[in-house]
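Observations on the three-dimensional arrangement
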Amino acid sequence: MTALAGTGELVRLALRRDRVTLPLWLAVLGLMPALVANAYAGLYPTEALRAPLTAMVGSNPALAVLLGPAYDLSTPGGFTAWRVLGFLSVVTALLVIFTVTQNTRAEEETARHELLVSGVVGRHAPLTAAVVVATAAAAGAGLLATAALLAVGLPMPGSLAFGAALAGVGWVFTGIAAITAQLVAFGRTANGIATGVLGASFLLRGLGDASPRASWLSWLSPIGWAQQLRPFAQERWWVLALPVAATVLTLAVGYLLLAHRDAGAGILPQRLGRASAPPSLHSAFALAWRLHRGPLAGWTVGAALAGTAFGAVAIGVGDLITENPAMREIFRRMVDSTLVIEAFLAQIARMFGMVAAFYGVQAALRAHGEEVVTRVEPLLATTVTRWRFAASHLVFALAGTAVVLAAAGLAAGIAHGLRAGDVAGYAGRMLAATQVQLPAIWLVVGVAAALFGLVPRRISAAWAAAAGFVLLALLGPALNLDPLLVDVSPFSHVSQLPVADLAIAPLAWLTLIAVALLAVGLVAFRRRDIA
Amino acid sequence: MDDTNLAIAVTGLHKSFGRTRALDGLDLTVTQGEIHGFLGPNGSGKTTTIRVLLGLLKADAGTATLLGGDPWTDVASLHRRLAYVPGDVNLWPNLSGGEVIDLLGRLRGGLDTRRREQLIERFDLDPRKKGRTYSKGNRQKVAIIAALASNVELLLLDEPTAGLDPLMEATFRRTIEEEREQGRTVLLSSHILAEVEALCDRVSIIRGGKTVETGTLAELRHLTRTSITAELAGPADGLHTMADVHDLHVEGSRVRFDVETHSLDAALRQLTAIGVRSLVSQPPTLEELFLRHYTEETARANGKATTS
């Protein structure tokens, strides 16, 4: 098989490049379920507390839309599957998407690729190596999760199903990323399309899980399949056939597309551009706008769609919850309020804030990306100063997040307002509830900027910081963590509008720290060598 | 030399990256209006020097003056007066070549649109293609046109013709000749000796981060050896005692030797004293000149590697 020659070498190369980050991802994916299962006994020590959980949560579309269907919450395993499987599925999917793209399309964009394929590397070898690494990573995450769940004393069938569900999602998205890597000529675009499919999967199953009449929607989503396998709740093993079949199918399509395109080219044709620049393209900011407008538009449309979906189901948040003391307790931990619908709205505003932080990091890191591919050099050889160059990208990280959040907030507010009969009121309140997240996001962007200035080689730590802050704020309470530790996350200090009152002081502090971090990053960038 | 006449004045420049010493006391002087060849083996510090001159790197020690200013602090004002072509051009994937040319020109403070059209036609570039779809040579052309269509005093060119076909290389030479007539100063880093020979008024050869030779090509030739082959009337006496004669081979009445060019006169006098039947003298080619510097570098590096 000459088309596969060199695959082994490329697998080793990919593993070497990811030798630090890959184990970290796998550790988080593998250990998180066991930690939640372990915390269950502390949260719900008695049978009396556990028994009503399923009925109560199962009738709550708000939680279903965020986390997934609740099958059996009376056991630590069932609770864990409900609480983290959907979330960890998203993380696994992101891991394999980035892995496949990085080792195929993103690599093909560089001259390195030609160096490799001109050696003894077959035509199918790069894709095969990427698929091998990604499927192995997904399987590894599943195995680790299973082993860790067994280690904390959970039953074998459920632990196995949980691991298989996680690995299945990873495999399907490996296939999807294998397709998107062939469709377009740029790694960034390939990642964008694949994460768009992931976002749609999350949304589809959220809508399906929340509304009994449209429950078939969940079956269109790979994340839905993972949950429909029902780990720790009378596992339905036949569901595993779906991700396996989808993986085979998507991979086959990926290889078919690979066989029908030229190296370096995409399947979707490249259009010709204009022969001369429009008058508006005359500054570093104008260039940054050209580079950022595509991703920003994608994020804004995605945020508006997600906002509409969540806003539309908000009114269905069940009356049962207000009657149930244990449920109130869960909500109180998160949002300090018993106004359940508003608490739900506050919760999704918070979730949007956390997701938008990743857009902020992505936009901020673009400055570094431009430096790495040596596109910054010709730019800085003109009258563009370093300050202007860095600022032209950071402004999208800082203001672009405001746009994304506004789209999500307004869409959610209008969608809920239409059903609740108060469009203007809810639109305004949701806009405020989302915009108030900005100082926390700016702090994350500040961390990225500081890394960019001080230690550009370690810039990917910005992703880790964002993910760490989100995890702390999101799962900290469910894990019964020390409040001091949870307070490390900037997201723990944001006022939970519309239920809580606006507290200005914490927001001012967050903004101040963000400004300080940005200043450090910019000053350091002006003083350091350009890579 | 009058300092105000200097476009580039670099003395004792040092720059290290971690433990690697990229520049080790480099000197470089380029006068206004000259085309200066900047030569040296791969990794000898040419690109590092240019990046210091562009203010992209901060030198550890030494002084660098560019158009009378400090390349690290006077970035915006200096960059208005210069244009740069990198050795490895990477374009924005979603911008067309024409857009990149206009953008870089505008960011430099203006662009001669007539010159732009002329260069696009001359270099046979399709300006509507998007960044990623260009070949290496075409990406190089975009950078060259963007630089040459600007009205600037100084051009910093880092191996600008790498990737161009011979036809385009000839076009490039013609265009640089025009730049010379306009009175522009050019620092041309290149490996293509014919290009250097055709274009450059003076050259600097660097190796291991140090300048080893500077001067006009005639001056540099002078520093090397000429090969002599001669049929003599009598025994080849006295030649082997001359200090500047190397690799002397005597086969009967036939001698073959190399002589340092500044001692050529003395050697010939010695030969005519013996009596010359025939004589072939071979002046050093530029190629030999460079190869001597390049290989000495390799030999030195190899020697270091074995002794350390």
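Rules used throughout
Residues numbered from 1 in each chain as written. Chains lettered and ligands numbered in written order. Predicted model: local features only at pLDDT ≥ 70, side-chain atom pairs only at ≥ 80, totals over all residues. Heavy atoms only, no water. Helix = DSSP H or I, 4+ residues; strand = E, 2+ residues; numbered from the N terminus. Buried < 20%, exposed > 50% of the residue type's maximum accessible area, 1.4 Å probe, protein only. Areas by Shrake-Rupley, 256 points an atom, 1.4 Å probe, with all protein chains shown as cover. Lys, Arg positive; Asp, Glu negative; His and termini not counted. Charge placed at Lys NZ, Arg CZ, Asp CG, Glu CD. Pairing = 2+ DSSP bridges. Axes fitted to C-alpha atoms, helices over the stretch in contact; angles between N-to-C directions. Contact = heavy atoms within 4.5 Å. Phe/Tyr/Trp six-rings, centres within 6.5 Å; stacked < 30°, edge-to-face > 60°. Lys NZ or Arg CZ within 6 Å of the ring centre and 35° of its normal. Domains from an automatic or database assignment. Salt bridge = Lys/Arg side-chain N within 4 Å of Asp/Glu carboxyl O. Expected span 1.5 Å × (residues − 1). Buried area = accessible area lost by both parts, 1.4 Å probe. Polar contact = N/O pair within 3.5 Å; in protein donor to acceptor, adjacent residues only side chain to side chain. Parallel < 35°, antiparallel > 145°, perpendicular 65-115°, else oblique. Left-handed = near helix turned anticlockwise from the far one by under 90°. Nonpolar A, V, L, I, M, F, W, Y, C, P; charged D, E, K, R; others polar. Core = buried A, V, L, I, M, F, W, Y, C linked by side-chain atoms within 4.5 Å. pLDDT = per-residue confidence, 0-100.

Comments concerning the overall build of chain B
Counting secondary structure elements, chain B contains ten helices and 13 strands. Considering only C-alpha atoms, chain B reaches an extent of 75 × 40 × 40 Å along its principal axes. A buried classification covers 50% of the 308 residues belonging to chain B. When the accessible area of chain B is evaluated, it comes to approximately 13,600 Å², of which 48% is carbon and sulfur surface. Distance from the positive charge centre (37 side chains) to the negative charge centre (42 side chains) of chain B: 6 Å.

A word on the sheet that holds strand S4 (residues 61–66) of chain B
Residue and element names in this part refer to chain B. Strand order in this open sheet of three strands is S2-S1-S4, and the pairing throughout is antiparallel. Each edge of the open sheet carries a strand with a single partner, namely strand S2 (20–31) and S4. On average, each strand axis in the sheet is tilted by 15 degrees relative to the strand beside it, whichever way the strands run. Where strand S1 (residues 6–17) meets S4, five bridges bridge the pair, whose relative direction is antiparallel. Within S4, the position partnered with Thr-11 by the bridge is Thr-63. The sheet strands contacting helix H1 (residues 46–53) are S1, S2 and S4, and the helix crosses S2 at an angle near 65 degrees.

Topic: the packing of aromatic side chains
All names here are of chain A. Evaluation of the coordinates by the stated rule reveals eleven aromatic pairs over all chains. Ring centres 5.0 Å apart and planes at 40 degrees place the aromatic pair Tyr-40 and Phe-79 in the tilted group. Placement of the pair is Tyr-40 in helix H2 (residues 21–43) and Phe-79 in helix H6 (residues 76–103), with a sequence separation of 39 residues. Accessibility classification places Tyr-40 together with Phe-79 in one group, the buried group. Summarising the aromatic geometry, the rings of Trp-289 and Phe-396 are spaced 6.2 Å apart at their centres and angled 20 degrees between planes, so their arrangement reads as stacked. Within this pair, whereas Trp-289 is found in helix H14 (residues 284–314), its partner Phe-396 is found in helix H19 (residues 386–420), the two being separated by 107 residues in sequence. Ring pairs connect the aromatic residues Tyr-40, Tyr-44, Phe-79 and Trp-82, which therefore count as one cluster. Positioned above the aromatic ring of Phe-452, the side-chain terminus of Arg-528 is 5.0 Å from the ring centre.

Describing the domain arrangement of chain B
Bring the parts together and some accessible area is lost; that lost area is often taken as the interface size. Under the domain assignment used here, chain B contains domain 1 (3–219) and domain 2 (225–283). Each of domain 1 of chain B and domain 2 of chain B has a C-alpha centre, and the two are 43 Å apart.

Description of unusual backbone geometry
One can expect most non-glycine residues to show negative phi and most peptide bonds to be in trans. Residue and element names in this part refer to chain A. Of note, the amide linkage connecting Leu-497 to Pro-498 takes the cis form, showing an omega dihedral of 0 degrees. Along the polypeptide, Pro-498 turns up in the loop between helix H23 (483–486) and helix H24 (504–527). One non-glycine residue with positive phi stands out, namely Thr-374, at about 60 degrees. Its place among the elements puts Thr-374 in the loop between helix H17 (340–372) and helix H18 (376–380).

Some remarks on the sheet that holds strand S9 (residues 210–216) of chain B
All names here are of chain B. Reading across from one edge, S5-S6-S7-S3-S8-S9 is the order of the six strands in this open sheet, with mixed pairing throughout. Since the sheet does not close on itself, it has two edges, and those belong to strand S5 (82–85) and S9, each with one partner. Strand after strand, the sheet turns through a mean of 15 degrees between neighbouring axes, direction not considered. Sheet topology note: the strand S6 (residues 154–158)/strand S7 (residues 185–189) ladder contains five bridges and is parallel. Among the inter-strand pairings, Leu-157 is bridged to a residue of S7, identified as Leu-188.

A few points about the pattern of salt bridges
All names here are of chain A. Scanning all chains against the criterion turns up 26 salt bridges over all chains. Across the pair Asp-209 and Arg-205 runs a salt bridge, and its minimum N-O distance is 3.0 Å. Remark: Arg-205 and Asp-209 occur in helix H11 (residues 187–210); sequence separation between them is four residues, near one turn of the helix. For the pair formed by Asp-209 and Arg-205, the shared burial category is buried.

Considerations on helix H5 (residues 136–148) of chain B
Side chains three or four residues apart in an α-helix point the same way, a direct result of the helix having 3.6 residues per turn. Its 13 residues give H5(B) an end-to-end C-alpha distance of 18 Å, which sits within 8% of 18 Å, the value for a rise of 1.5 Å per residue. Residues of H5(B) that are buried include every one of Gly137(B), Gln140(B), Lys141(B), Val142(B), Ala143(B), Ile144(B), Ile145(B), Ala146(B), Ala147(B) and Leu148(B), and no others.

Some thoughts on the interface of chain A and chain B
The interface is formed by 42 residues belonging to chain A together with 39 residues belonging to chain B. Taking both partners together, chain A and chain B bury about 3,500 Å²; carbon and sulfur atoms supply 56% of that area. Looking at the side of chain A facing chain B, the largest losses of area belong to Arg375(A), Glu377(A) and Thr383(A), adding up to 17% of the total buried there. With a closest N to O distance of 2.9 Å, Glu99(B) and Arg290(A) form a salt bridge. At the surface where chain A touches chain B, the tally comes to 25 residue pairs in polar contact (both at pLDDT 80 or more).

Observations regarding the side chain of Thr175(B)
All names here are of chain B. Secondary-structure assignment places Thr-175 in helix H6 (residues 166–181). Taking the relative accessible area as the measure of exposure, Thr-175 reaches 0% and is therefore buried. Setting aside anything within four residues of it in sequence, one finds Thr-175 in contact with Arg-115, Leu-119, Arg-122, Phe-123 and Leu-148.

Points about the domain arrangement of chain A
Under the domain assignment, chain A is made up of domain 1 (1–266) and domain 2 (279–531). Taking only C-alpha atoms, the centre of domain 1 of chain A and the centre of domain 2 of chain A are 24 Å apart.

Things to note about the packing of H2(A) against helix H9 (residues 125–151) of chain A
Residue and element names in this part refer to chain A. In the contact formed by H2 and H9, the axes pass within 8 Å of each other and the chain directions differ by 30 degrees. Overall, the two elements H2 and H9 adopt an arrangement that is roughly parallel. Relative to H9, H2 is oriented so that their crossing is right-handed. Of the residues in H9, those in contact with Leu-22, Leu-26, Leu-29, Gly-30, Leu-31, Pro-33, Ala-34 and Ala-37 of H2 are Ala-137, Ala-141, Leu-144, Ala-145, Ala-148 and Leu-149. Within the contact of H2 with H9, the residues separate by chemical class into 13 nonpolar, one polar and no charged.

Re the environment of Ile228(B)
Residues and elements named next belong to chain B. Relative to the assigned elements, Ile-228 resides in strand S10 (residues 225–232). It is 7.6 Å that separates the C-alpha atoms of Ile-228 and Val-259, two residues lying 31 residues apart in sequence. Ignoring anything within four residues of it in the chain, the contact list for Ile-228 reads Val-255, Arg-256, Phe-257, Val-259, Leu-264, Leu-271, Leu-279, Val-280 and Ser-281.

Topic: the nonpolar core
By size, the foremost hydrophobic cluster in this structure holds 209 residues, and its most contacted members are Phe162(A), Phe491(A), Ile8(B) and Leu156(B). The leading source of residues in this core is H17(A), at 15 residues. Setting aside anything within four residues of it in sequence, one finds Leu156(B) in contact with Ile8(B), Ile50(B), Leu53(B), Leu54(B), Leu82(B), Ala83(B), Tyr84(B), Val85(B) and Leu187(B). Counting residues in hydrophobic clusters, the runner-up holds 13 residues, among them Ile228(B), Leu232(B), Phe257(B) and Leu271(B).

With respect to helix H21 (residues 438–454) of chain A
With 17 residues, H21(A) ought to run about 24 Å at 1.5 Å a step, and its terminal C-alpha atoms sit 24 Å apart, in line with that. Most of H21(A) is tucked away, with 15 of its 17 residues classed as buried.

Structural notes on the packing of H19(A) against helix H20 (residues 423–435) of chain A
All names here are of chain A. At a minimum axis separation of 7 Å, H19 and H20 run at an interaxial angle of 150 degrees. With respect to H20, the axis of H19 lies roughly antiparallel. At the point where H19 passes H20, the crossing takes the right-handed sense. In this structure, H19 contributes Ala-402, Leu-405, Ala-406, Gly-409, Leu-410, Ala-412, Gly-413, Ile-414, His-416, Gly-417, Leu-418 and Ala-420 to the contact, and H20 contributes Val-423, Tyr-426, Ala-427, Met-430, Leu-431, Thr-434 and Gln-435. Split by residue class, the contact of H19 with H20 holds 13 nonpolar, six polar and no charged.

Considering the confidence of the model for chain B
Residue and element names in this part refer to chain B. For chain B, per-residue confidence averages 87 on the pLDDT scale, and residues scoring 70 or more make up 94% of the total. For residues 303–308, every residue scores under 50 in pLDDT, and the model assigns this stretch zero contacts once sequence neighbours within four places are set aside. We note a pTM of 0.82 for the whole complex and an ipTM of 0.83 for its interfaces.

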